[in-house]
Amino acid sequence: MERTDPRYRHFVQILREELVPAMGCTEPIAIAYGAAKAREVLGRLPERILVEASGNIIKNVKSVVVPNTGGLKGIEAAAAAGAVAGDAGKILEVISAVTGEQKAAIRDYLSGHEIKVRPAEGDVIFEITLTLWAGEDQVRLRLADYHTNIVHIEKNGEILLKCGAVVAAGAAASGLTDRGCLSVDAIVDFADTMDAEDVREIVERQISYNWAIAQEGMARDWGANIGKVLREYYGEDVKVRARYMAAAGSDARMSGCEMPVIIVSGSGNQGLTASVPVVVYARELGVSQEKLIRAVTLSDLLTIHMKTGIGRLSAYCGAVSAGCAAGGAIAYLHGGGCREVAHTLVNALATISGMICDGAKPSCAAKIAAAVDAGVLGYHMFRSGQQFRGGEGIVTKGVEETIANIGRLGRLGMRETDKEIIRIMTGCTGE
(Lines give C-alpha, C1' and ligand atoms only; values in the text may rest on other atoms or scores of the structure.)
Protein backbone atom coordinates (compact mmCIF):
# COMPACT_ATOMS: atom_id res chain seq x y z
CA MET A 1 0.00 0.00 0.00
CA GLU A 2 1.47 3.33 -1.07
CA ARG A 3 1.67 6.13 1.48
CA THR A 4 -0.32 8.25 -0.96
CA ASP A 5 -3.24 5.81 -0.70
CA PRO A 6 -5.94 7.48 1.47
CA ARG A 7 -6.34 4.21 3.36
CA TYR A 8 -2.74 4.40 4.55
CA ARG A 9 -3.38 7.68 6.37
CA HIS A 10 -6.65 6.34 7.74
CA PHE A 11 -5.00 3.18 9.11
CA VAL A 12 -2.35 5.20 10.94
CA GLN A 13 -5.00 7.52 12.34
CA ILE A 14 -7.18 4.60 13.47
CA LEU A 15 -4.22 3.19 15.39
CA ARG A 16 -3.57 6.57 17.01
CA GLU A 17 -7.22 6.80 18.06
CA GLU A 18 -7.35 3.27 19.43
CA LEU A 19 -3.94 2.62 21.02
CA VAL A 20 -4.25 4.87 24.05
CA PRO A 21 -3.26 4.23 27.67
CA ALA A 22 -5.80 3.44 30.37
CA MET A 23 -5.34 2.49 33.99
CA GLY A 24 -8.09 0.15 35.10
CA CYS A 25 -11.07 -1.34 33.31
CA THR A 26 -12.24 1.26 30.82
CA GLU A 27 -15.93 1.37 31.81
CA PRO A 28 -15.40 2.40 35.48
CA ILE A 29 -12.58 4.65 34.29
CA ALA A 30 -14.98 6.34 31.84
CA ILE A 31 -17.29 7.03 34.79
CA ALA A 32 -14.36 8.41 36.79
CA TYR A 33 -13.32 10.55 33.82
CA GLY A 34 -16.83 11.94 33.43
CA ALA A 35 -17.09 12.64 37.17
CA ALA A 36 -13.72 14.42 37.19
CA LYS A 37 -14.68 16.55 34.21
CA ALA A 38 -18.09 17.39 35.69
CA ARG A 39 -16.48 18.34 39.01
CA GLU A 40 -14.07 20.57 37.09
CA VAL A 41 -17.04 22.37 35.51
CA LEU A 42 -18.87 22.53 38.84
CA GLY A 43 -15.81 24.15 40.42
CA ARG A 44 -15.97 22.33 43.73
CA LEU A 45 -16.58 18.94 45.30
CA PRO A 46 -20.19 17.85 44.71
CA GLU A 47 -22.51 17.25 47.63
CA ARG A 48 -24.32 14.49 45.78
CA ILE A 49 -24.05 12.61 42.48
CA LEU A 50 -26.46 10.80 40.19
CA VAL A 51 -25.08 8.30 37.66
CA GLU A 52 -27.38 7.09 34.89
CA ALA A 53 -25.76 4.28 32.90
CA SER A 54 -26.75 1.92 30.10
CA GLY A 55 -27.00 -1.78 30.88
CA ASN A 56 -23.63 -2.69 29.40
CA ILE A 57 -21.90 -0.07 31.53
CA ILE A 58 -23.59 -1.42 34.66
CA LYS A 59 -22.56 -4.94 33.63
CA ASN A 60 -18.93 -4.05 33.08
CA VAL A 61 -18.49 -1.99 36.25
CA LYS A 62 -20.28 -4.24 38.75
CA SER A 63 -17.54 -6.75 39.59
CA VAL A 64 -14.23 -5.13 38.68
CA VAL A 65 -11.88 -3.42 41.13
CA VAL A 66 -11.40 0.30 40.53
CA PRO A 67 -7.65 0.96 40.83
CA ASN A 68 -6.24 3.42 43.35
CA THR A 69 -9.29 3.08 45.62
CA GLY A 70 -7.99 0.44 48.02
CA GLY A 71 -9.98 -2.39 46.46
CA LEU A 72 -13.38 -0.73 45.94
CA LYS A 73 -15.75 -1.96 43.24
CA GLY A 74 -18.76 -0.56 41.43
CA ILE A 75 -20.20 2.56 39.86
CA GLU A 76 -20.34 4.47 43.14
CA ALA A 77 -16.63 3.89 43.76
CA ALA A 78 -15.71 4.95 40.22
CA ALA A 79 -17.77 8.14 40.45
CA ALA A 80 -16.38 9.01 43.88
CA ALA A 81 -12.80 8.39 42.76
CA GLY A 82 -13.22 10.69 39.78
CA ALA A 83 -14.99 13.42 41.72
CA VAL A 84 -12.64 13.40 44.69
CA ALA A 85 -9.24 12.62 43.17
CA GLY A 86 -9.53 12.55 39.38
CA ASP A 87 -7.52 14.62 36.94
CA ALA A 88 -9.69 14.93 33.81
CA GLY A 89 -6.67 16.04 31.79
CA LYS A 90 -5.26 12.51 32.09
CA ILE A 91 -8.38 11.13 30.37
CA LEU A 92 -8.38 7.30 30.80
CA GLU A 93 -5.54 7.59 33.30
CA VAL A 94 -7.77 9.95 35.28
CA ILE A 95 -7.08 8.30 38.66
CA SER A 96 -3.51 7.19 38.01
CA ALA A 97 -1.93 9.71 40.40
CA VAL A 98 -4.15 9.24 43.46
CA THR A 99 -2.29 9.69 46.75
CA GLY A 100 -2.76 7.73 49.96
CA GLU A 101 -4.61 10.66 51.49
CA GLN A 102 -6.92 10.82 48.48
CA LYS A 103 -7.69 7.09 48.76
CA ALA A 104 -8.89 7.74 52.30
CA ALA A 105 -10.84 10.77 51.08
CA ILE A 106 -12.61 8.61 48.45
CA ARG A 107 -13.79 6.22 51.18
CA ASP A 108 -14.87 9.11 53.37
CA TYR A 109 -16.80 10.65 50.49
CA LEU A 110 -18.62 7.38 49.82
CA SER A 111 -19.66 7.08 53.45
CA GLY A 112 -20.79 10.68 53.80
CA HIS A 113 -22.33 11.63 50.45
CA GLU A 114 -25.21 10.36 48.35
CA ILE A 115 -24.33 8.65 45.07
CA LYS A 116 -27.37 7.25 43.28
CA VAL A 117 -27.23 4.90 40.29
CA ARG A 118 -30.05 4.48 37.78
CA PRO A 119 -30.37 2.62 34.49
CA ALA A 120 -30.27 5.06 31.59
CA GLU A 121 -33.49 5.48 29.66
CA GLY A 122 -33.61 4.33 26.06
CA ASP A 123 -31.60 1.64 24.33
CA VAL A 124 -28.25 3.31 23.62
CA ILE A 125 -25.60 0.64 24.18
CA PHE A 126 -22.92 2.97 25.55
CA GLU A 127 -24.22 5.83 27.66
CA ILE A 128 -23.16 7.46 30.93
CA THR A 129 -24.84 10.59 32.30
CA LEU A 130 -23.56 12.19 35.50
CA THR A 131 -25.35 14.92 37.42
CA LEU A 132 -23.47 16.68 40.21
CA TRP A 133 -24.92 19.11 42.74
CA ALA A 134 -23.24 21.57 45.11
CA GLY A 135 -25.42 24.19 46.80
CA GLU A 136 -27.47 25.89 44.11
CA ASP A 137 -25.19 24.70 41.32
CA GLN A 138 -25.79 21.69 39.09
CA VAL A 139 -23.72 20.17 36.29
CA ARG A 140 -24.95 17.48 33.91
CA LEU A 141 -22.48 15.64 31.67
CA ARG A 142 -23.12 12.84 29.17
CA LEU A 143 -20.75 10.41 27.47
CA ALA A 144 -21.92 8.25 24.56
CA ASP A 145 -20.60 5.85 21.90
CA TYR A 146 -17.15 5.39 23.40
CA HIS A 147 -15.24 5.97 26.60
CA THR A 148 -13.94 9.51 26.14
CA ASN A 149 -16.72 10.94 23.97
CA ILE A 150 -18.36 13.71 26.00
CA VAL A 151 -21.40 14.78 23.98
CA HIS A 152 -23.18 17.11 26.42
CA ILE A 153 -22.26 19.42 29.28
CA GLU A 154 -24.59 21.89 30.94
CA LYS A 155 -24.30 23.97 34.11
CA ASN A 156 -27.33 25.45 35.81
CA GLY A 157 -29.35 24.97 32.63
CA GLU A 158 -26.79 26.64 30.35
CA ILE A 159 -25.51 24.30 27.64
CA LEU A 160 -21.73 24.46 27.45
CA LEU A 161 -21.23 21.58 25.02
CA LYS A 162 -23.64 19.75 22.75
CA CYS A 163 -22.63 17.26 20.06
CA GLY A 164 -24.64 15.33 17.52
CA ALA A 165 -26.75 12.25 18.10
CA VAL A 166 -25.13 8.93 18.97
CA VAL A 167 -24.64 6.43 16.18
CA ALA A 168 -25.43 2.80 15.54
CA ALA A 169 -22.91 0.01 16.06
CA GLY A 170 -20.63 -0.42 13.07
CA ALA A 171 -20.83 3.20 12.01
CA ALA A 172 -18.08 5.73 12.53
CA ALA A 173 -18.61 7.13 16.00
CA SER A 174 -18.53 10.89 16.37
CA GLY A 175 -14.99 12.18 16.10
CA LEU A 176 -13.48 8.87 14.98
CA THR A 177 -12.06 7.89 11.59
CA ASP A 178 -14.43 5.76 9.52
CA ARG A 179 -13.50 2.08 9.95
CA GLY A 180 -15.16 1.18 6.67
CA CYS A 181 -11.78 1.20 4.93
CA LEU A 182 -10.66 -1.87 6.90
CA SER A 183 -10.50 -5.32 5.33
CA VAL A 184 -8.25 -8.32 5.95
CA ASP A 185 -6.63 -7.94 2.53
CA ALA A 186 -5.91 -4.22 3.06
CA ILE A 187 -4.70 -4.75 6.64
CA VAL A 188 -2.17 -7.39 5.59
CA ASP A 189 -1.04 -5.16 2.71
CA PHE A 190 -0.58 -2.26 5.14
CA ALA A 191 1.37 -4.39 7.61
CA ASP A 192 3.66 -5.60 4.82
CA THR A 193 4.38 -2.26 3.19
CA MET A 194 3.99 0.46 5.82
CA ASP A 195 6.88 2.58 6.99
CA ALA A 196 7.30 1.13 10.48
CA GLU A 197 8.35 4.54 11.77
CA ASP A 198 4.78 5.77 11.22
CA VAL A 199 3.50 3.49 14.00
CA ARG A 200 6.65 2.58 15.94
CA GLU A 201 6.09 4.88 18.90
CA ILE A 202 2.51 3.85 19.63
CA VAL A 203 2.99 0.13 18.95
CA GLU A 204 6.21 -0.12 20.95
CA ARG A 205 4.44 1.62 23.82
CA GLN A 206 1.69 -0.98 23.57
CA ILE A 207 4.24 -3.79 23.66
CA SER A 208 6.06 -2.25 26.64
CA TYR A 209 3.01 -1.44 28.77
CA ASN A 210 1.11 -4.63 28.11
CA TRP A 211 4.09 -6.92 28.55
CA ALA A 212 4.89 -5.20 31.87
CA ILE A 213 1.45 -5.86 33.36
CA ALA A 214 1.54 -9.44 32.07
CA GLN A 215 4.79 -9.93 33.96
CA GLU A 216 3.19 -8.40 37.05
CA GLY A 217 0.30 -10.83 36.71
CA MET A 218 2.73 -13.74 36.77
CA ALA A 219 4.82 -12.31 39.60
CA ARG A 220 2.14 -11.70 42.23
CA ASP A 221 -1.25 -12.91 43.43
CA TRP A 222 -3.99 -11.36 41.28
CA GLY A 223 -7.59 -12.46 40.82
CA ALA A 224 -7.99 -16.14 40.03
CA ASN A 225 -4.35 -16.39 38.86
CA ILE A 226 -5.32 -17.98 35.55
CA GLY A 227 -1.84 -17.30 34.13
CA LYS A 228 -0.16 -19.21 36.95
CA VAL A 229 -2.64 -22.09 36.73
CA LEU A 230 -1.97 -22.47 33.01
CA ARG A 231 1.79 -22.48 33.54
CA GLU A 232 1.60 -24.97 36.42
CA TYR A 233 -0.61 -27.53 34.71
CA TYR A 234 0.10 -27.01 31.00
CA GLY A 235 3.81 -26.23 30.96
CA GLU A 236 6.07 -23.81 29.14
CA ASP A 237 5.45 -24.59 25.47
CA VAL A 238 5.13 -21.44 23.37
CA LYS A 239 1.43 -22.16 22.75
CA VAL A 240 0.88 -22.18 26.50
CA ARG A 241 3.07 -19.16 27.16
CA ALA A 242 1.05 -17.15 24.66
CA ARG A 243 -2.08 -18.00 26.63
CA TYR A 244 -0.76 -17.60 30.14
CA MET A 245 1.02 -14.32 29.61
CA ALA A 246 -2.07 -12.71 28.07
CA ALA A 247 -4.25 -14.14 30.83
CA ALA A 248 -1.85 -12.91 33.52
CA GLY A 249 -2.15 -9.34 32.28
CA SER A 250 -5.91 -9.59 32.71
CA ASP A 251 -5.52 -11.29 36.11
CA ALA A 252 -3.75 -8.15 37.34
CA ARG A 253 -5.86 -5.61 35.49
CA MET A 254 -9.25 -6.96 36.56
CA SER A 255 -8.19 -7.03 40.19
CA GLY A 256 -7.12 -3.40 40.51
CA CYS A 257 -3.47 -3.40 39.45
CA GLU A 258 -2.29 0.19 39.28
CA MET A 259 -0.39 -0.21 36.00
CA PRO A 260 -1.57 1.17 32.65
CA VAL A 261 -2.35 -0.85 29.57
CA ILE A 262 -2.73 0.19 25.95
CA ILE A 263 -6.29 -0.49 24.88
CA VAL A 264 -7.75 -1.60 21.55
CA SER A 265 -11.39 -1.05 20.59
CA GLY A 266 -11.90 0.64 23.94
CA SER A 267 -10.77 -2.41 25.92
CA GLY A 268 -7.61 -3.12 27.86
CA ASN A 269 -8.30 -6.86 27.76
CA GLN A 270 -8.51 -6.69 23.98
CA GLY A 271 -5.32 -4.62 23.91
CA LEU A 272 -3.55 -7.30 25.98
CA THR A 273 -4.95 -10.17 23.92
CA ALA A 274 -4.03 -8.58 20.59
CA SER A 275 -0.42 -7.90 21.62
CA VAL A 276 0.99 -10.16 24.34
CA PRO A 277 0.64 -13.55 22.52
CA VAL A 278 2.24 -11.97 19.45
CA VAL A 279 5.21 -10.82 21.56
CA VAL A 280 5.59 -14.35 22.96
CA TYR A 281 5.73 -15.90 19.48
CA ALA A 282 8.00 -13.17 18.10
CA ARG A 283 10.53 -13.87 20.83
CA GLU A 284 10.26 -17.61 20.31
CA LEU A 285 10.89 -17.22 16.58
CA GLY A 286 13.65 -14.63 17.03
CA VAL A 287 12.18 -12.17 14.54
CA SER A 288 13.36 -8.59 14.24
CA GLN A 289 11.81 -5.72 16.19
CA GLU A 290 10.41 -4.36 12.94
CA LYS A 291 8.69 -7.67 12.17
CA LEU A 292 7.20 -7.63 15.66
CA ILE A 293 5.87 -4.10 15.12
CA ARG A 294 4.29 -5.17 11.84
CA ALA A 295 2.70 -8.25 13.43
CA VAL A 296 1.25 -6.35 16.41
CA THR A 297 -0.04 -3.66 14.05
CA LEU A 298 -1.71 -6.40 12.01
CA SER A 299 -3.28 -7.91 15.14
CA ASP A 300 -4.55 -4.54 16.35
CA LEU A 301 -6.16 -3.63 13.04
CA LEU A 302 -7.72 -7.08 12.63
CA THR A 303 -9.19 -6.76 16.13
CA ILE A 304 -10.63 -3.35 15.32
CA HIS A 305 -12.00 -4.61 12.00
CA MET A 306 -13.78 -7.58 13.59
CA LYS A 307 -15.06 -5.52 16.50
CA THR A 308 -16.41 -2.68 14.36
CA GLY A 309 -19.47 -4.60 13.19
CA ILE A 310 -20.24 -5.78 16.72
CA GLY A 311 -19.92 -2.46 18.54
CA ARG A 312 -17.92 -1.34 21.56
CA LEU A 313 -20.08 -3.24 24.05
CA SER A 314 -22.31 -6.28 23.57
CA ALA A 315 -23.03 -9.78 24.85
CA TYR A 316 -20.22 -11.03 22.58
CA CYS A 317 -16.90 -11.30 24.41
CA GLY A 318 -14.42 -8.87 22.84
CA ALA A 319 -11.50 -11.13 23.69
CA VAL A 320 -12.70 -13.45 20.92
CA SER A 321 -11.95 -10.90 18.21
CA ALA A 322 -8.55 -10.10 19.72
CA GLY A 323 -7.61 -13.75 20.27
CA CYS A 324 -8.50 -14.63 16.69
CA ALA A 325 -6.56 -11.59 15.48
CA ALA A 326 -3.54 -12.70 17.51
CA GLY A 327 -3.78 -16.06 15.75
CA GLY A 328 -3.68 -14.25 12.41
CA ALA A 329 -0.62 -12.29 13.54
CA ILE A 330 1.08 -15.53 14.64
CA ALA A 331 0.46 -16.90 11.14
CA TYR A 332 2.04 -13.70 9.81
CA LEU A 333 5.10 -14.14 12.04
CA HIS A 334 5.57 -17.59 10.53
CA GLY A 335 5.75 -16.02 7.07
CA GLY A 336 2.09 -16.16 6.19
CA GLY A 337 0.35 -13.68 3.94
CA CYS A 338 -3.27 -12.79 3.35
CA ARG A 339 -4.33 -16.38 2.57
CA GLU A 340 -2.80 -17.77 5.75
CA VAL A 341 -4.16 -14.97 7.90
CA ALA A 342 -7.66 -15.22 6.42
CA HIS A 343 -7.91 -18.99 6.91
CA THR A 344 -6.61 -18.69 10.46
CA LEU A 345 -9.28 -16.09 11.26
CA VAL A 346 -12.12 -18.14 9.79
CA ASN A 347 -11.01 -21.31 11.61
CA ALA A 348 -10.68 -19.45 14.90
CA LEU A 349 -13.97 -17.57 14.57
CA ALA A 350 -15.79 -20.79 13.76
CA THR A 351 -14.37 -22.33 16.92
CA ILE A 352 -15.12 -19.75 19.60
CA SER A 353 -17.63 -17.17 18.38
CA GLY A 354 -20.52 -16.80 20.78
CA MET A 355 -18.58 -16.70 24.05
CA ILE A 356 -20.55 -14.31 26.20
CA CYS A 357 -19.49 -11.10 27.91
CA ASP A 358 -20.88 -11.05 31.44
CA GLY A 359 -18.95 -8.03 32.58
CA ALA A 360 -15.40 -7.21 33.59
CA LYS A 361 -14.06 -9.47 36.35
CA PRO A 362 -11.36 -12.10 37.05
CA SER A 363 -12.88 -14.71 34.71
CA CYS A 364 -12.00 -12.46 31.76
CA ALA A 365 -8.47 -13.87 32.06
CA ALA A 366 -9.74 -17.40 31.42
CA LYS A 367 -11.77 -16.21 28.44
CA ILE A 368 -8.67 -14.54 27.03
CA ALA A 369 -6.75 -17.82 27.36
CA ALA A 370 -9.52 -19.66 25.51
CA ALA A 371 -9.61 -17.02 22.75
CA VAL A 372 -5.85 -17.15 22.21
CA ASP A 373 -6.03 -20.95 22.14
CA ALA A 374 -8.66 -20.73 19.38
CA GLY A 375 -6.46 -18.33 17.43
CA VAL A 376 -3.44 -20.63 17.66
CA LEU A 377 -5.57 -23.67 16.79
CA GLY A 378 -6.92 -21.82 13.76
CA TYR A 379 -3.37 -21.34 12.49
CA HIS A 380 -2.27 -24.93 13.13
CA MET A 381 -5.39 -26.20 11.38
CA PHE A 382 -4.32 -24.25 8.30
CA ARG A 383 -0.76 -25.59 8.53
CA SER A 384 -2.20 -29.11 8.58
CA GLY A 385 -4.35 -28.46 5.53
CA GLN A 386 -7.57 -28.38 7.54
CA GLN A 387 -10.27 -25.75 7.48
CA PHE A 388 -13.89 -25.00 8.25
CA ARG A 389 -15.77 -24.36 5.04
CA GLY A 390 -18.46 -22.00 3.86
CA GLY A 391 -21.96 -23.25 4.66
CA GLU A 392 -20.84 -24.88 7.90
CA GLY A 393 -22.69 -23.00 10.62
CA ILE A 394 -22.00 -19.27 10.54
CA VAL A 395 -18.97 -19.70 8.28
CA THR A 396 -19.52 -18.24 4.82
CA LYS A 397 -17.20 -18.49 1.84
CA GLY A 398 -14.74 -15.60 2.20
CA VAL A 399 -13.25 -14.11 5.35
CA GLU A 400 -15.04 -10.76 4.99
CA GLU A 401 -18.40 -12.47 4.70
CA THR A 402 -17.68 -14.54 7.80
CA ILE A 403 -16.60 -11.43 9.73
CA ALA A 404 -19.85 -9.76 8.64
CA ASN A 405 -21.77 -12.74 10.03
CA ILE A 406 -19.95 -12.37 13.33
CA GLY A 407 -20.88 -8.70 13.45
CA ARG A 408 -24.51 -9.60 12.83
CA LEU A 409 -24.39 -12.29 15.52
CA GLY A 410 -22.86 -10.00 18.14
CA ARG A 411 -24.83 -6.86 17.34
CA LEU A 412 -28.26 -8.29 16.51
CA GLY A 413 -28.45 -11.98 17.34
CA MET A 414 -27.15 -11.61 20.89
CA ARG A 415 -29.16 -8.50 21.74
CA GLU A 416 -31.69 -10.39 23.85
CA THR A 417 -28.87 -12.47 25.35
CA ASP A 418 -27.26 -9.22 26.47
CA LYS A 419 -30.46 -8.09 28.17
CA GLU A 420 -30.83 -11.43 29.93
CA ILE A 421 -27.21 -11.35 31.14
CA ILE A 422 -27.81 -7.90 32.62
CA ARG A 423 -31.05 -9.08 34.27
CA ILE A 424 -29.21 -12.05 35.80
CA MET A 425 -26.34 -9.88 37.04
CA THR A 426 -28.62 -7.26 38.57
CA GLY A 427 -31.00 -9.77 40.16
CA CYS A 428 -33.92 -8.75 37.98
CA THR A 429 -36.25 -11.59 37.05
CA GLY A 430 -37.63 -9.72 34.02
CA GLU A 431 -41.11 -10.93 34.89
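Scroll up to find the structure this text is about.
Description of the structure in this document. The structure displayed is predicted, hence computed values, not measured ones. (Residues numbered from 1 in each chain as written. Predicted model: local features only at pLDDT ≥ 70, side-chain atom pairs only at ≥ 80, totals over all residues. Heavy atoms only, no water.)

### Some points on the overall build of the protein
Inclusion rule: Secondary structure is summarised from DSSP: a helix means a run of H or I of at least four residues, a strand means a run of E of at least two, and numbering begins at the N terminus for each. Each residue's exposure class comes from its accessible area (1.4 Å probe, protein chains only) as a fraction of the maximum for that residue type: buried when under 20%, exposed when over 50%, partly exposed otherwise. The contact definition used throughout considers only heavy atoms, calling two residues in contact when any of these lie within 4.5 Å. Surface accessibility in these figures is a Shrake-Rupley result with a 1.4 Å probe; residues are shielded only by whichever protein chains are displayed. In this count, Lys and Arg are taken as positive residues and Asp and Glu as negative ones, while His and the chain termini are left out. Note that the charge is assigned to NZ on lysines, CZ on arginines, CG on aspartates and CD on glutamates.
On a plain count of helices and strands, the protein comes out with 16 helices and eight strands. For the protein, the spread of C-alpha atoms along the three principal axes comes to 70 × 50 × 45 Å. Burial status across the protein gives 57% buried among its 431 residues. Of the contacts formed within the protein by residues at least 6 apart in sequence, a portion of 77% connects residues at least 24 apart. Total accessible area on the protein is roughly 16,700 Å²; 48% of this is exposed by carbon and sulfur atoms. For the protein, the separation between the mean place of its 46 positive charges and that of its 51 negative charges on side chains is 2 Å.

### Here we look at the sheet that holds strand β3 (residues 114–119)
As a reminder of what qualifies: Strands are treated as partners if at least two bridges between them are detected by DSSP. As a rule, the C-alpha atoms of each element are fitted with a line to give its axis, helices using only the stretch in contact, and angles between N-to-C directions run from 0 to 180 degrees.
If you trace the six strands from one edge of the open sheet to the other, you get β3-β2-β4-β5-β6-β7, paired in mixed fashion. Two strands lie at the open edges of the sheet, namely β3 and β7 (158–162), each paired on one side alone. Neighbour to neighbour, the strand axes of the sheet diverge by 10° on average, direction disregarded. Direction of pairing for strand β5 (residues 137–144) relative to strand β6 (residues 150–155): antiparallel, over a ladder of five bridges. Its bridge partner lying in β6, Leu141 is registered against Ile153.

### Description of helix α13 (residues 338–352)
Here is the rule: Every helix has an expected span of 1.5 Å times one less than the residues it contains.
Here α13 is 15 residues long and its end C-alpha atoms lie 21 Å apart, about the 21 Å a rise of 1.5 Å per residue gives. All buried positions along α13 are accounted for by Val341, Ala342, Thr344, Leu345, Val346, Asn347, Ala348, Leu349 and Ile352. Looking at the buried residues of α13, the elements they touch are α6 (184–193), α11 (289–308), α12 (318–333), α14 (364–383) and α15 (399–413). Just beyond α13, the residue with positive phi is Gly354, at close to 110°.

### Brief notes about the packing of aromatic side chains
Going by this rule: The rule is short: rings of Phe, Tyr and Trp, with Trp giving its six-membered ring, pair when the centres are within 6.5 Å, and they are stacked under 30 degrees, edge-to-face over 60, tilted in between. Consider the ring centre and the ring normal. A charge sits over the ring if Lys NZ or Arg CZ is within 6 Å of that centre and within 35 degrees of that normal.
Counting across every chain of the model gives two aromatic pairs. A centroid spacing of 5.1 Å and a plane angle of 65° characterise the contact between Tyr8 and Phe190, whose relative ring orientation is edge-to-face. Of this pair, Tyr8 sits in helix α1 (residues 6–18) while Phe190 sits in helix α6, and the two are 182 residues apart along the sequence. Here Tyr8 falls in the buried class, since its relative accessible area comes to 4%. Both rings, one in Phe11 and one in Phe190, keep their centres 5.2 Å apart while their planes meet at 75°; by these two values the pair is edge-to-face. With a gap of 179 residues between them, Phe11 in helix α1 and Phe190 in helix α6 connect regions that are remote in the sequence. Taking relative accessible area as the criterion, Phe11 reaches 0% and is therefore assigned buried. Owing to a relative accessible area of 0%, Phe190 belongs among the buried residues under this scheme. Above the plane of the ring of Tyr332 lies Lys291, whose end atom (NZ or CZ) is 4.0 Å from the centre.

### Concerning the packing of α1 against α11
Condition: Oblique is the label for every angle not falling under 35 degrees (roughly parallel), over 145 degrees (roughly antiparallel), or within 65 to 115 degrees (roughly perpendicular). Throughout, the ten residues Ala, Val, Leu, Ile, Met, Phe, Trp, Tyr, Cys and Pro are labelled nonpolar, Asp, Glu, Lys and Arg are labelled charged, and all others, Gly among them, are labelled polar.
Between α1 and α11, whose axes approach to 11 Å, the crossing angle comes to 80°. When the axis of α1 is compared with that of α11, the two are roughly perpendicular. Along the contact surface, α1 presents Phe11, Ile14, Leu15 and Glu18, while α11 presents Thr297, Asp300, Leu301 and Ile304. Among the residues forming the contact of α1 with α11, the class breakdown is five nonpolar, one polar and two charged.

### Section: the packing of helix α10 (residues 268–285) against α12
In plain terms, the rule: In this scheme, a crossing is called left-handed if the near helix is turned counterclockwise away from the far one by less than a right angle; it is called right-handed if the turn is clockwise.
Closest axis-to-axis distance for the α10/α12 pair is 8 Å, and the angle between their directions is 20°. On the basis of their axis angle, the class for α10 and α12 is roughly parallel. Considering how the two elements wind past one another, α10 and α12 form a crossing that is right-handed. Facing α10, whose interface residues are Gln270, Thr273, Ala274, Pro277, Val278, Tyr281, Ala282 and Leu285, α12 presents Gly318, Ala319, Ala322, Gly323, Ala326, Ala329, Ile330 and Leu333. Of the residues contributing to the contact of α10 with α12, the split by class is twelve nonpolar, four polar and no charged.

### Concerning the state of the cysteines
Condition: Two cysteine sulfur atoms form a disulfide, by the criterion used here, when they sit within 2.5 Å.
If you walk through the whole model with that rule in mind, you get zero disulfides. Unpaired in this structure, Cys257 has its nearest cysteine sulfur neighbour in Cys25, at a distance of 14 Å.

### Examining unusual backbone geometry
For Asn156, which is not a glycine, the phi torsion comes out positive at approximately 50°. Turning to its location among the elements, Asn156 is positioned in the loop between β6 and β7. A positive phi angle is found at Ser265, which is not glycine, with a value near 55°. By the element assignment, Ser265 lies in the loop between β8 (261–262) and α10.

### What to know about α1
Side chains of residues three or four places apart in an α-helix project in the same direction, reflecting 3.6 residues per turn. Compared with the 18 Å implied by 1.5 Å per residue over 13 residues, the 19 Å span of α1 between its first and last C-alpha is a close match. For α1, the full list of buried residues reads Tyr8, Phe11, Val12, Ile14, Leu15, Glu17 and Glu18.

### Comments concerning the pattern of salt bridges
It is possible for side chains bearing opposite charge to pair when their charged atoms get close. As a reminder, the rule being used: What makes a salt bridge here is a side-chain nitrogen of Lys or Arg within 4 Å of a carboxyl oxygen of Asp or Glu, nothing more.
This model, assessed by the stated rule, comprises 22 salt bridges. Among the salt bridges present, the one from Asp137 reaches Arg44, with a minimum N-O distance of 2.9 Å. One end of the pair, Asp137, is in strand β5; the other, Arg44, is in the loop between α2 (26–42) and β2 (48–53), and 93 residues separate them in sequence. Accessibility expressed as a relative area gives 39% for Arg44, which makes it partly exposed. A salt bridge links Lys103 to Glu258, with the shortest nitrogen-to-oxygen separation between them at 3.5 Å. Of this pair, Lys103 sits in helix α5 (residues 100–112) while Glu258 sits in the loop between α9 (238–254) and β8, and the two are 155 residues apart along the sequence. Linked through salt bridges whose partners overlap, the residues forming this network are Glu17, Glu18, Arg179 and Arg312.

By themselves these figures say nothing about function.
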